[in-house]
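# Overview (structure and organization)
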Amino acid sequence: AETKRRKEAKFKSKLNGLKKRTRVDAYKRSRNGGGGGGGGQFGDTIGNGKHEHEWGRAVENPETGTSVRTCVECGMEVEELEF
């Protein structure tokens, strides 16, 4: 029971850190996106060239059993199923 509690606490801590980083990145993108229209939207190009996703570490959702990876630059999320 103690091991399970520690595992859940560690997962929640890492998930909260990921959420904070994602919010900070989104805020920076909106500030750098220019003066009009509320910042960048999903699918907008970032910088001067073609955007290639840089996937972060997979975070597992214990309720669904799926892993979610988030792009470091644009915030796009993909779910992964492990077999």
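Residues numbered from 1 in each chain as written. Predicted model: local features only at pLDDT ≥ 70, side-chain atom pairs only at ≥ 80, totals over all residues. Heavy atoms only, no water.

### Regarding the pattern of salt bridges
Summed over all chains, the structure comprises two salt bridges. Between glutamate 2 and arginine 5 there is a salt bridge, with its nearest N and O atoms 2.5 Å apart. In this pair, glutamate 2 and arginine 5 both sit in helix α1 (residues 2-32), three residues apart, roughly one turn of the helix. With its nearest N and O atoms 3.8 Å apart, the salt bridge here joins arginine 6 to glutamate 2. Highlighted residues: arginine 6 and glutamate 2, both in helix α1, separated by four residues, approximately one helical turn. What makes arginine 6 partly exposed here is its relative accessible area of 48%. When salt bridges that share partners are traced, they join Glu2, Arg5 and Arg6 into one network. (Salt bridge = Lys/Arg side-chain N within 4 Å of Asp/Glu carboxyl O. Helix = DSSP H or I, 4+ residues; strand = E, 2+ residues; numbered from the N terminus. Buried < 20%, exposed > 50% of the residue type's maximum accessible area, 1.4 Å probe, protein only.)

### Concerning the pairing of strand β3 (residues 77-80)
As paired strands, strand β2 (residues 67-70) and β3 are joined by four bridges and run antiparallel to one another. For serine 67, the partnering residue across the bridge sits in β3 and is glutamate 80. What sits between β2 and β3 in their antiparallel hairpin is a turn of six residues, with glycine 75 showing a positive phi close to 85°. (Pairing = 2+ DSSP bridges.)

### A closer look at the side chain of threonine 70
Note on placement: threonine 70 falls in strand β2. Of the residues examined, threonine 70 reaches a relative accessible area of 8% and is grouped as buried. In contact with threonine 70, other than residues within four places in its own chain, are Leu18, Thr22, Glu54, Trp55, Gly56, Gly75, Met76 and Glu77. (Contact = heavy atoms within 4.5 Å.)

### With respect to the sheet that holds β2
Spatial strand order, β1-β2-β3: three strands in an open sheet with antiparallel pairing. Unpaired on one side and paired on the other, β1 (59-60) and β3 mark the two borders of the sheet. As defined by bridge partners, β1 adjoins β2 across two bridges and the pair is classed as antiparallel. Note that in β2 the partner of valine 59 across the bridge is valine 68.

### With respect to the confidence of the model for the protein chain
On average, the protein chain scores 76 in pLDDT, and the residues at 70 or more come to 75%. The least confident element of the protein chain is β3, whose mean pLDDT is 82; the most confident is β2, at 86. In this model residues 34-38 is a low-confidence stretch, pLDDT under 50, and it forms zero contacts with partners more than four residues away in sequence or in other chains. (pLDDT = per-residue confidence, 0-100.)

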